[in-house]
Amino acid sequence: WNEVLDGNVLCEGAQGFWLDINYGNYPFVTSSTTLPYGACCLGFPPQKIDKIYGASKIYDTRSGTDPLFPETLLEDPELMSIVKEGCEIGTTTGRIRKTNWLNLDKLLVAINISGVTDIIISKIDVLENVGLYKLYHNDELFSFENMEYMQTHINKYISGTCKYVNTISYSGKVEGI
């Protein structure tokens, strides 16, 4: 093979970091890699990858079985309000996704192992609409007065521990963001 890919190519990965066969909670994983290096099987070397965009929701979700997402999450009224507001229904299964507060520690690990350069955190409008701002960090549940304080906390730890990240963006329908 003598041809070289040239120009801009956008590769989209399916699934999430913690469903990766090498890094996920085996056997509750998918059958392949979900990390950016999987794009190299398309015919170009890793040196050609300029940016790695990471996407995360402002809260965690899981379809299917995983002991890290027990069925009891479906009994928590605050989390169920997020399920309803965020329309968290499994695309393939049609089942309600188990939802939990963002685990910032796991997000930081995923960003660092993946080599993410630009992170996009979505669905902040869901938390705004339900008025709940919580996340896990260092195995402790933190509550915040508003989204601005929560974002400040997230930004501080991503900026301080993820050396390849250039930008942190938030998406949702919140005014001023």
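Structure: see above.
Reading guide: rules and limits
- Residue positions are given per chain, counting from 1 as you read along its sequence in written order.
- Given that this is a predicted model, residues contribute local features only at a pLDDT of at least 70 and side-chain atom pairs are listed and counted only at 80 or more, while totals for whole chains, interfaces and linings are drawn from all residues.
- Side-chain descriptors were evaluated using all non-hydrogen atoms of the structure, hydrogens and water having been removed beforehand.
- By convention a nonpolar core is built from buried Ala, Val, Leu, Ile, Met, Phe, Trp, Tyr and Cys residues, the set being connected through side-chain atoms within 4.5 Å.
- Relative accessibility thresholds used throughout: buried, under 20% of the residue-type maximum; exposed, over 50%; partly exposed, between the two (1.4 Å probe, protein chains only).
- To qualify as a helix, a DSSP run of H or I must reach at least 4 residues; to qualify as a strand, a run of E must reach at least 2; elements of each kind are numbered from the N terminus.
- The contact criterion used throughout is that any non-hydrogen atoms of two residues lie within 4.5 Å.
- By this rule the span expected of a helix is its residue count minus one, scaled by 1.5 Å.
- Directions pointing from the helix axis toward each C-beta atom define the arc.
- Pairing between two strands requires that DSSP report at least two bridges joining them.
- Simply put, an axis is a line fit to the C-alpha atoms, just over the touching stretch for a helix, and the angle between two N-to-C directions goes from 0 to 180 degrees.

S.K.: Tell me about the nonpolar core, and please be specific about residues and values.
M.R.: Counting residues in each nonpolar core, the largest one holds 30 residues, and the members touching the most others are Ile58, Ile111, Ile119, Leu127, Met150, Ile154 and Ile158. Counting only elements with at least two residues in this core, the list comes to α1 (77–85), β3 (98–103), α2 (104–114), β4 (118–122), α3 (124–130) and α4 (147–161). Isoleucine 119 has contacts with Gly54, Ala55, Leu107, Ile111, Ile158, Val165, Thr167, Ile168 and Ser169, leaving out every residue within four places of it along the chain.

S.K.: Describe α4, and please don't skip the residues or the numbers.
M.R.: The end-to-end C-alpha distance of α4, which contains 15 residues, comes to 21 Å, matching closely the 21 Å that a straight helix rising 1.5 Å per residue would cover. Residues of α4 that are buried: Met147, Met150, Gln151, His153, Ile154 and Ile158. The arc that holds every buried residue of α4, seen down its axis, measures 160°, which confines them to one face. Turned more than 90 degrees away from the buried face of α4, the exposed residues are Glu148, Lys156, Ser159 and Gly160.

S.K.: Tell me about the sheet that holds strand β7 (residues 167–170), residues and numbers included.
M.R.: Hydrogen bonds between backbone groups are what pair the strands of a sheet, and the pairing can be parallel or antiparallel. Judged by pairing direction, the sheet is parallel, and its three strands sit side by side in the order β1-β4-β7 without closing on themselves. Two strands in the sheet have a free side with no partner beyond their single neighbour: β1 (53–57) and β7. The average angle at which neighbouring strand axes cross in this sheet is 20°, direction not considered. Examined bridge by bridge, β1 and β4 share five bridges and lie parallel to one another. If you follow serine 56 over to β4, its bridge partner there is isoleucine 121. Contacting β4 and β7, α4 crosses the sheet at an angle of about 155° to β7.

S.K.: Any chance you could break down the environment of leucine 127 for me, citing the residues and the numbers?
M.R.: By the element assignment, leucine 127 lies in helix α3. Looking at leucine 127, the relative accessible area reads 0%, which means it is buried.

S.K.: Which residues make up the sheet that holds strand β5 (residues 134–137), and what values do they have?
M.R.: With mixed pairing, the four strands of this open sheet are ordered in space as β2-β3-β5-β6. Both outer strands of the open sheet, β2 (59–62) and β6 (140–143), are each paired with one neighbouring strand and no more. Direction aside, neighbouring strands of the sheet carry axes that sit 45° apart on average. For β5 and β6, the ladder comprises four bridges, and the chain directions are antiparallel. Across the sheet, the residue bridging to histidine 137 is glutamate 140, located in β6.

S.K.: Could you give me a rundown of the pairing of β3, with the residues and numbers involved?
M.R.: Of all six residues in β3, five are buried, a share of seventy percent or more. Two strands pair when backbone bridges link them, and β2 and β3 are joined in this way by four bridges, in the antiparallel orientation. Paired with aspartate 60 across the two strands is asparagine 100, which belongs to β3. Judged from the two bridges that link them, β3 and β5 form a sheet pairing that is parallel. Residue pairing in the sheet places asparagine 103 in a bridge with tyrosine 136 of β5.

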